[in-house]
Every structure is written in C-alpha cells, then in structure tokens.
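Coordinate analysis (summary)
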Amino acid sequence: MTWKNTENRYGSLSISLHWLMLVLIAAVYACIELKGNFPKGSETRDLLKEWHFMLGLSVFALVWLRILARIIAPTPKIQP
C-alpha cells in the first residue's frame with residue numbers, strides 16, 4: 001500500500017490520520033468525563049484538564065494536516 005491516495009484507494013497516510021483522529025477524540029472525551037470523578041482542586045483533576053487541553057490541540061493540528069493532505073492528494077472515486 002502506498003502512502004499517497006490513488007484514484008482507486010486512500011493511501012496509508014490518510015487512513016492513519018483518520019484512525020489517529022478517532023483515538024485522540026475518544027481520549028479528549030474520556031479525559032473530560034473522568035474529570036468529574038475527582039474532587040475540585042485535586043492534582044488528578046487538574047492533570048485530566050491539562051491532558052484534555054493538550055489532546056484537543058493535537059486534534060486541532062491534525063485537522064489542518066488532514067485538510068492539507070486532502071487538498072494535495074486526489075480522492076478515490078465512489079463506486080456503488
């Protein structure tokens with residue numbers, strides 16, 4: 001499998017970015033949900049908020065990378 005998209009298939013770069021985004025978005029959601037299990041002002045709660053913020057910034061950066069990859073590479077044709 002090639003890392004670039006072709007007219008028939010997405011490349012490994014696009015596929016990897018897709019699944020990495022899924023994992024990061026799930027982690028962002030988990031961090032903010034788990035935060036409620038700890039008392040306010042606790043070290044763990046503050047750490048989860050910090051992770052939520054940093055993972056969110058990672059998602060933001062990857063969105064721009066995916067947009068750039070989408071502009072540069074062709075998208076496969078849709079075949080029913």
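Throughout what follows, the structure given in this document is the object of discussion.

A closer look at a nonpolar patch on the surface
- A contiguous nonpolar surface patch, about 830 Å² in accessible area, is contributed by Phe-60, Val-63, Trp-64, Leu-65, Ile-67, Leu-68, Ile-71 and Ile-72.
- Locating Val-63 in the fold gives a position in helix 2 (residues 43–72).

Structural notes on the packing of helix 1 (residues 12–35) against helix 2
- Packing of helix 1 against helix 2 leaves a shortest axis separation of 9 Å and a crossing angle of 155 degrees. On the basis of their axis angle, the class for helix 1 and helix 2 is roughly antiparallel. Note on packing geometry: the crossing formed by helix 1 with helix 2 is left-handed.
- Counted by class, the contact of helix 1 with helix 2 contains 17 nonpolar, 4 polar and 4 charged residues.

Concerning helix 1
- The terminal C-alpha atoms of helix 1, which comprises 24 residues, lie 34 Å apart, in line with the 34 Å expected from a rise of 1.5 Å per residue.
- For helix 1, every residue scored as buried is listed here: Leu-17, Met-21, Leu-24, Val-28, Cys-31 and Lys-35.
- Buried residues in helix 1 make contact with helix 2.

Description of the environment of Ile-67
- Along the chain, Ile-67 turns up in helix 2.
- Counting along the chain gives 21 residues from Ile-67 to Asp-46, while the straight-line C-alpha distance between them is 32 Å.

Considering helix 2
- The first and last C-alpha atoms of helix 2 sit 44 Å apart over 30 residues, in line with the 44 Å expected at 1.5 Å per residue.
- In this fold, the buried residues of helix 2 make contact with helix 1.

What counts as what
- Residues numbered from 1 in each chain as written.
- Predicted model: local features only at pLDDT ≥ 70, side-chain atom pairs only at ≥ 80, totals over all residues.
- Heavy atoms only, no water.
- Patch = residues over 30% accessible without salt bridge, like charges linked within 9 Å, V, L, I, M, F, W, Y side chains within 5 Å.
- Areas by Shrake-Rupley, 256 points an atom, 1.4 Å probe, with all protein chains shown as cover.
- Salt bridge = Lys/Arg side-chain N within 4 Å of Asp/Glu carboxyl O.
- Helix = DSSP H or I, 4+ residues; strand = E, 2+ residues; numbered from the N terminus.
- Axes fitted to C-alpha atoms, helices over the stretch in contact; angles between N-to-C directions.
- Parallel < 35°, antiparallel > 145°, perpendicular 65-115°, else oblique.
- Left-handed = near helix turned anticlockwise from the far one by under 90°.
- Nonpolar A, V, L, I, M, F, W, Y, C, P; charged D, E, K, R; others polar.
- Expected span 1.5 Å × (residues − 1).
- Buried < 20%, exposed > 50% of the residue type's maximum accessible area, 1.4 Å probe, protein only.
- Contact = heavy atoms within 4.5 Å.

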